[in-house]
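Structural characterization, general
One-letter residues, chain by chain:
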Amino acid sequence: LGVTLFYVSVIIALPVAALVFKAASLGPSAYWQIISSERAVASYTVTVLSALVATLFNLVFGLALAWVLVRYRFPGRRLLDAMVDLPFALPTAVAGIALTTLFAPGGWFGAVLDPLGIQIAYTPLGIMVAMCFTSLPFIVRTVQPVLEEIDPALEEAALSLGESDGGTFRKVILPLLGPALIAGVSLSFARSLGEFGAIIFIAGNQPMSTEITALLVFIRLEEYDYAAAAAIASVLLFTAFVMLAATNLMQRRALRYMERG
């Protein structure tokens, strides 16, 4: 217990406290002026909207990928399963460079998409692609073990009672996956909010357009404006705490629903 509390204090509590105290040193008026500036608000909008789109995409694609990995056996399955963890092992800066190379106008994918009028690199779409890449494993790895533990007899019983495949998935399987999906979605969204390395290479980093909040914090640090950097970072910190509280509430409700069902 002592080692755990010491670790939490040094690694988590102290940096968070330092961030809060530094932001509080500005005073209410200066703090509000910094976090509500036009450039800061634009960065919040770009970051949150891109994270939402990336999370929704990962929710659908990640659930489908976890389903395929659990329910089907095919050549290359183990390789595909291992590739899911690639964003964990690959440095995010390397991922950003690779994605930029692929989706730039002269890249493998960009050369095909650019004539169609679809530009990925240096646009908000590029931010979403980078967020999808780095946060996908969180949903797959939280859903996959739950899928493996679901008793096939439950599905067989529903099908034997005349329920369709879609109805069985919606009424039997999806409620069992609820807590895991909520956890995976929250982790995916949080990772997308805080992602930096994979995004800055493909985003274009244009203020008011493709500049994420993490980059704006980095810019303020480079300008030695530590108080402003702490103030803007505290907005992300507050968002993370609110999301954590909402996630815990939804998980409790999902578990109660499962217990009543």
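No experiment lies behind these values; they were computed from the predicted model shown. (Residues numbered from 1 in each chain as written. Predicted model: local features only at pLDDT ≥ 70, side-chain atom pairs only at ≥ 80, totals over all residues. Heavy atoms only, no water.)

1. Digging into the side chain of serine 186
Locating serine 186 in the fold gives a position in helix H10 (residues 165-194). Discounting chain neighbours no more than four positions away, the residues touching serine 186 are Met243 and Thr247. (Helix = DSSP H or I, 4+ residues; strand = E, 2+ residues; numbered from the N terminus. Contact = heavy atoms within 4.5 Å.)

2. Details of the side chain of arginine 77
Summarising the element assignment, arginine 77 is placed in helix H4 (residues 77-83). The side chain of arginine 77 is buried and forms no salt bridge, while glutamate 148, the nearest opposite charge, is found at 5.2 Å. The residues contacting arginine 77, other than those within four sequence positions of it, are Leu69 and Tyr72. (Buried < 20%, exposed > 50% of the residue type's maximum accessible area, 1.4 Å probe, protein only. Lys, Arg positive; Asp, Glu negative; His and termini not counted. Salt bridge = Lys/Arg side-chain N within 4 Å of Asp/Glu carboxyl O.)

3. Quick word on the packing of aromatic side chains
Scanning the entire structure with this criterion turns up five aromatic pairs. Note on phenylalanine 57 and phenylalanine 61: the rings are 5.7 Å apart at their centroids and 15° apart in plane angle, and the pair reads as stacked. On the criterion of helical spacing, the pair formed by phenylalanine 57 and phenylalanine 61 is a turn pair, its members being four residues apart in helix H3 (residues 38-71). Aromatic side chains phenylalanine 103 and phenylalanine 109 sit 5.3 Å apart centroid to centroid with 55° between the ring planes, which places their arrangement in the tilted category. The exposure class assigned to phenylalanine 103 is buried, which follows from its relative accessible area of 15%. Positioned above the aromatic ring of tryptophan 67, the side-chain terminus of arginine 71 is 4.3 Å from the ring centre. (Phe/Tyr/Trp six-rings, centres within 6.5 Å; stacked < 30°, edge-to-face > 60°. Lys NZ or Arg CZ within 6 Å of the ring centre and 35° of its normal.)

4. A closer look at helix H12 (residues 213-222)
Among the ten residues in H12, seven count as buried, and that is most of the element. Along H12, the residues classified as buried are Thr213, Ala214, Leu215, Leu216, Val217, Ile219 and Arg220. Within two residues after H12, tyrosine 224 carries a phi angle of roughly 60°, on the positive side.

5. A word on the environment of isoleucine 120
Tracing the backbone shows isoleucine 120 in the loop between helix H7 (110-113) and helix H8 (124-149). Linking isoleucine 120 and leucine 193, residues 73 residues apart in sequence, is a C-alpha distance of 19 Å. Residues within four places of isoleucine 120 in sequence aside, it is in contact with Phe103, Leu113, Leu125, Gly126 and Val129.

6. What about the packing of helix H9 (residues 152-160) against H10?
Running from amino to carboxyl end, H9 crosses H10 at an angle of 145°, the nearest separation of the two axes being 10 Å. Along this stretch, H9 crosses H10, giving a crossing that reads as right-handed. Of the residues in H10, those touching H9 at Leu154, Glu155, Ala158 and Leu159 are Asp165, Thr168, Val172, Ile173 and Leu176. Residue classes in the contact of H9 with H10 are distributed as six nonpolar, one polar and two charged. (Axes fitted to C-alpha atoms, helices over the stretch in contact; angles between N-to-C directions. Left-handed = near helix turned anticlockwise from the far one by under 90°. Nonpolar A, V, L, I, M, F, W, Y, C, P; charged D, E, K, R; others polar.)

7. What to know about the pattern of salt bridges
For the structure shown, the criterion picks out five salt bridges. One salt bridge connects aspartate 81 with arginine 141, and the closest N-O pair in it is separated by 2.8 Å. Of this pair, aspartate 81 sits in helix H4 while arginine 141 sits in helix H8, and the two are 60 residues apart along the sequence. For arginine 220, the salt bridge identified is with glutamate 223, shortest N-O distance 3.0 Å.

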